[in-house]
Amino acid sequence: MVDPRIIVAFDFPNQKQALELAAKLDKDLCRIKIGKELFTAAGPQLVEKLMASGYEIFLDLKYHDIPNTVASACKVASDLGVWMINIHALGGRKMLLAAREALSAKITKLIAVTLLTSLDRNALQDMGWNDEPFEIVRRLALLARDCGLDGVVCSANEAKPLRKIIKNDFILVTPGIRPANCDANDQLRIATPQQAIRDGADYLVIGRPITQSPNPLLMLQQLNQEIQGMEYTA
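None of these values were measured; they are calculated from a predicted model. (Residues numbered from 1 in each chain as written. Predicted model: local features only at pLDDT ≥ 70, side-chain atom pairs only at ≥ 80, totals over all residues. Heavy atoms only, no water.)

1. Focus: the pairing of strand E5 (residues 109-113)
Next up, step 1: With four of its five residues buried, E5 lies for the most part within the structure.
Next up, step 2: Of the pairings in the sheet, the one linking strand E4 (residues 84-88) to E5 comprises five bridges and is parallel in character. Each bridged residue has a counterpart across the sheet, and for Ile85 the counterpart in E5 is Leu110.
Next up, step 3: The handedness of the E4 to E5 crossover, carried by helix H4 (residues 93-102), is right-handed. (Buried < 20%, exposed > 50% of the residue type's maximum accessible area, 1.4 Å probe, protein only. Helix = DSSP H or I, 4+ residues; strand = E, 2+ residues; numbered from the N terminus. Pairing = 2+ DSSP bridges. Right-handed = clockwise from strand over helix to strand, strands pointing away.)

2. What about the UniProt feature "active site" (unreviewed entry) in the protein chain?
Next up, step 1: UniProt's feature table lists "active site" (unreviewed entry) at Asp60, Lys62 and Asp65, given in the numbering used throughout.
Next up, step 2: Checked against the element boundaries, Asp60 lands in strand E3 (residues 57-63).
Next up, step 3: For Asp60, the residues in contact, after removing those within four places along its chain, are Lys33, Ile34, Gly35, Lys36 and Asn86.
Next up, step 4: Along the chain, Asp65 turns up in the loop between E3 and helix H3 (67-79).
Next up, step 5: Those residues in contact with Asp65 that lie beyond four places of it in its chain are Val70 and Met95. (UniProt positions renumbered as here; feature names shortened; annotations may be inferred. Contact = heavy atoms within 4.5 Å.)

3. Focus on the pairing of E4
Next up, step 1: Extensive coverage of E4 is indicated by the burial of five of its five residues.
Next up, step 2: Residues Met84, Asn86 and His88 line one face of E4 and the alternating positions Ile85 and Ile87 line the opposite face, and both faces are buried.
Next up, step 3: As judged from the three bridges shared by E3 and E4, these two strands associate in the parallel manner. Across the sheet, the residue bridging to Phe58 is Met84, located in E4.

4. Notes on the sheet that holds strand E1 (residues 6-10)
Next up, step 1: Read around the closed barrel, eight strands run E1-E2-E3-E4-E5-E6-E7-E8, paired in parallel fashion. Geometrically, the sheet is characterised by an average inter-axis angle of 25° between neighbouring strands, direction not taken into account.
Next up, step 2: Alignment of strand E2 (residues 31-34) against E3, held across three bridges, turns out to be parallel. Residue pairing across strands places Ile32 opposite Ile57, the latter belonging to E3.
Next up, step 3: Of the strands in this sheet, E3, E4 and E5 touch H4, which is tilted by about 160° from E4. (Axes fitted to C-alpha atoms, helices over the stretch in contact; angles between N-to-C directions.)

5. Concerning the packing of aromatic side chains
Next up, step 1: Under the definition given, this model contains two aromatic pairs.
Next up, step 2: Geometrically, the ring pair formed by Phe10 and Phe12 is edge-to-face, given 5.5 Å between the ring centres and 70° between the ring planes.
Next up, step 3: Here Phe12 falls in the buried class, since its relative accessible area comes to 10%.
Next up, step 4: Ring plane angle 85° and centroid distance 5.1 Å describe the contact between Trp83 and Tyr203, whose orientation is recorded as edge-to-face. Here Trp83 is found in the loop between H3 and E4, whereas its partner Tyr203 is found in strand E8 (residues 203-206), with 120 residues between them in sequence.
Next up, step 5: A relative accessible area of 8% means that Tyr203 is categorised as buried.
Next up, step 6: One Lys or Arg, Arg31, reaches over the ring of Trp83 and ends 3.9 Å from the middle of that ring. (Phe/Tyr/Trp six-rings, centres within 6.5 Å; stacked < 30°, edge-to-face > 60°. Lys NZ or Arg CZ within 6 Å of the ring centre and 35° of its normal.)

6. Some points on helix H1 (residues 15-24)
Next up, step 1: When we look at burial in H1, the residues that qualify are Ala18, Leu21 and Ala22. Each buried residue of H1 sits inside an arc of 105° when the element is viewed along its axis, so together they form one side. Residues of H1 that are exposed and point over 90 degrees away from its buried face: Lys16, Ala23 and Lys24.
Next up, step 2: The secondary structure elements touched by the buried residues of H1 are E1, E2, helix H2 (36-52), helix H9 (208-211) and helix H10 (216-227). (Arc of directions from axis to C-beta.)

Here it is in structure tokens:
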């Protein structure tokens, strides 16, 4: 079975743009991430259309609420048939366990967001957190693992130290991936695809370098070639 390591971020405001790009890409080379903007605009109907085209979907809605509400939302999302969903680890142990229990009979992967890649030390201090970003990420990742989740979202810079303390069967999904010589945009903790894989990332979330490319399929093919055969280097 094909297991694409690239997840293309479909950060679009409408269904039309999403379907047009999906028609240009190759389902065997990527999965698709649908976040809050696109899901709010197009809803579960778009998810179903993309899955009918053969794409596996990472539903990136980052649920964060009281345990019962999050558990119910996760179950409904899983019933759509998506490949992966995520929740905020900052919701705490009870919320994480409730979500895990809600998916106990499901095949949908459940991962937790540690810290958003737009947050740096200054942003954390503004919120009253004095720890280094990685220390927060480490604690949240271990909490997610202890609660039985399948993995976490973390920056590529944090993948290597996390992989040293968490085994390979725990998924690391890394946003903020930018090919060399590509703008960082609003991501602060970023890495190239090759570096992220070497540092222990399992799946790479890549948006604008693909979605805004003059030839999205060619860019996707090139990125897959760059990481082909690469593995974690301890």
